[in-house]
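Below, each chain spelled out in residue letters.
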Amino acid sequence: MFGNNHRNGSANGSRKRRPPRYSAFSLIKHGVVSTEWPRAWRTCDLRSSYDVVIVGGGVHGLATAYYLARNHGIRNVAVLDKGYLGAGGSGRNTAILRSNYLTPEGVRFYDRSMELYRHLAADLNFNVMFSRKGHLTLAHNDSSLRTMRWRAEVNKHVGVDSEVIDPAQVKELVPYLDVSTDTRYPILGALYHPPGGIIRHDAVVWGYARAADAHGVHLHQRTEVTGIEVQNGRVVGVRTNRGRIATPVVLNATAGWSTLISDMAGVRTPVQTFPLQAAVTEPVRPFLHAVVVSGSLHVYVSQTDRGELVFGASVDPFASYSMRGSLEFVEGLAGHVLELMPALSKMRLMRQWAGLCDMTPDYSPIMGETPVEGFYLDVGWGTYGFKAGPVSGEAMAETIATRRRPEIIAAFGLDRFAEGALVGEKGAAAVGH
Ligand code: PYC
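Residues numbered from 1 in each chain as written. Predicted model: local features only at pLDDT ≥ 70, side-chain atom pairs only at ≥ 80, totals over all residues. Heavy atoms only, no water.

So, the overall build of the protein
In terms of helices and strands, the protein carries twelve helices and 19 strands. A compact globule built from 433 residues would reach a C-alpha radius of gyration of about 22 Å, and the protein, at 22 Å, matches this within 12%. Counting only C-alpha atoms, the protein reaches 70 × 60 × 40 Å along its principal axes. Taking all 433 residues of the protein together, 57% fall into the buried category. Counting only carbon and sulfur atoms, one obtains 52% of the accessible surface of the protein, whose full area is about 18,400 Å². Treating the 46 positive side-chain charges of the protein as one cloud and the 39 negative ones as another, the clouds have centres 8 Å apart. (Helix = DSSP H or I, 4+ residues; strand = E, 2+ residues; numbered from the N terminus. Rg over C-alpha atoms; globule rule 2.2 N^0.38 Å. Buried < 20%, exposed > 50% of the residue type's maximum accessible area, 1.4 Å probe, protein only. Areas by Shrake-Rupley, 256 points an atom, 1.4 Å probe, with all protein chains shown as cover. Lys, Arg positive; Asp, Glu negative; His and termini not counted. Charge placed at Lys NZ, Arg CZ, Asp CG, Glu CD.)

Rendered as structure tokens:
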């Protein structure tokens, strides 16, 4: 087991430790013989000061901490979460990865994330179970077909593999889809994006947490931020339920509560919070080898390595902080799924849940500096945050280390709303909202 605090690093957390390695022998030993698994990260005392405090222990906050330490040598960093690591959007999303966006800024950004995800298991020495299945966005009418063609052209221009395919090709990729022409929503074609796929979301969270900890970062669960101290226009500290921390840099990497945290620093953001519901079935043998999305039917589905079908929809039509599933959602979902794949009528849903989505007016995130010096934002992730975890972590770490927003996130600053330079991604943001 890792000891407390600084046993494996220097007092300022500046020395890198090796994360534990699991051999086949140790898996058998811990799985069968022993009940005591080594801890993946330490439990640390809260220091009275840190160079950087990251609010939010999801994939964005943890990735930023990891890249701050690994790429920039900034290790006196704390990640605070009021619950447990991955308790928010990182543990509640449907784990779809893709980069087939609509704007060149969006495509380039998410493509970098895909590249980081492809190498993440080796990078973190942790199996994140990335499965490159291919991603299909179905078009049921002429206008969505037009948008698919537009997206395919932008994707190709930026070097991302996407093309529009016809119903016969769709059927070849997903034989269980009903592509007949006498349905209510006939499939006219699809945007096919071969690099898309799914990943194991909790493994991504744990992998980043473990690697950040090994670099000396402090991970503080059950640590709620109650205030942010600003003096003369700059951040000087954070108040928490466990005490005060002096710090010149705070990153708001929360979802759901991002406006609450920004308000504490006196920074207003154009964000509204909506629930998004999802559900999972019992496991069945593998038969769905691509991620399937239908904007018109407001549904997406993929099959996990365990055989379960994971379904999601668009956000609920009202702003709320509720994370409960509803019967209306399941009823609508079942109807829409059966329009697409009637053969699924006998499958049983096992669980449903909801997560919180911070929606911005242009369906793009907000990343970078704010009018308060030292207070940074990585928020407004709507329904597209999980797939961006690695690239936003990398870019936010660079922003904090160099005090300059790198080119890859230049378009996503808070200033774009005042300047009217929006990055309109509505046509490519999950399903129609
Ligand atoms: O952006 O691909 C996406 C997505 C899937 C589920 C929610 N968002």
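Text resumes after the structure shown.
Digging into the confidence of the model for the protein
Per-chain confidence: the protein averages 93 in pLDDT, with 92% of residues scoring 70 or above. Long-range and interchain partners of residues 1-14, a stretch whose pLDDT sits below 50, account for 36 contacts in this model, where long-range means more than four residues apart. (pLDDT = per-residue confidence, 0-100. Contact = heavy atoms within 4.5 Å.)

Observations regarding the sheet that holds strand β16 (residues 309-315)
A sheet is described by the order of its strands in space; here eight strands give the open sequence β5-β6-β4-β14-β15-β16-β13-β17, paired in mixed fashion. The open sheet has two edge strands, β5 (163-165) and β17 (349-359), and neither has a second partner. Going across the sheet, the axis of each strand differs from the next one's by a mean of 20°, ignoring polarity. Sheet topology note: the strand β14 (residues 291-294)/strand β15 (residues 299-303) ladder contains three bridges and is antiparallel. Following the sheet pairing, Ser 294 is matched in β15 by Val 299. Across the face of the sheet, helix α6 (residues 142-158) comes into contact with β4 (135-139), β5 and β6 (189-193) while running at roughly 145° to β4. (Pairing = 2+ DSSP bridges. Axes fitted to C-alpha atoms, helices over the stretch in contact; angles between N-to-C directions.)

A few points about unusual backbone geometry
With phi around 60°, Ala 95 is a residue other than glycine that occupies positive phi space. Looking at where Ala 95 falls in the secondary structure, it is placed in the loop between α3 (89-92) and β3 (96-97). Phi is positive for Asn 125, which is not a glycine, with a value near 55°. A relative accessible area of 33% places Asn 125 in the partly exposed class.

A word on the pattern of salt bridges
Taken as a whole and assessed by the stated rule, the structure comprises 16 salt bridges. The shortest N-O distance in the salt bridge between Asp 415 and Arg 405 comes to 3.0 Å. Here the residue Asp 415 occupies a position in helix α12 (residues 415-419), and Arg 405 occupies one in the loop between α11 (389-402) and α12, the gap between them amounting to ten residues. Residue classification places Asp 415 among the partly exposed residues on the basis of a relative accessible area of 31%. Residue class for Arg 405 comes out buried when judged on its relative accessible area of 17%. Residues participating in the shared-partner salt-bridge network are Arg 112, Glu 115 and Glu 394. (Salt bridge = Lys/Arg side-chain N within 4 Å of Asp/Glu carboxyl O.)

Structural notes on the environment of Gly 380
Inspection of the secondary structure puts Gly 380 in the loop between β19 (375-379) and α11. The sequence separation of Gly 380 and Ile 96 amounts to 284 residues, and the corresponding C-alpha distance is 18 Å. For Gly 380, the contacting residues outside a window of four places in its chain are Val 271, Asp 358, Thr 360, Ser 364 and Pro 365.

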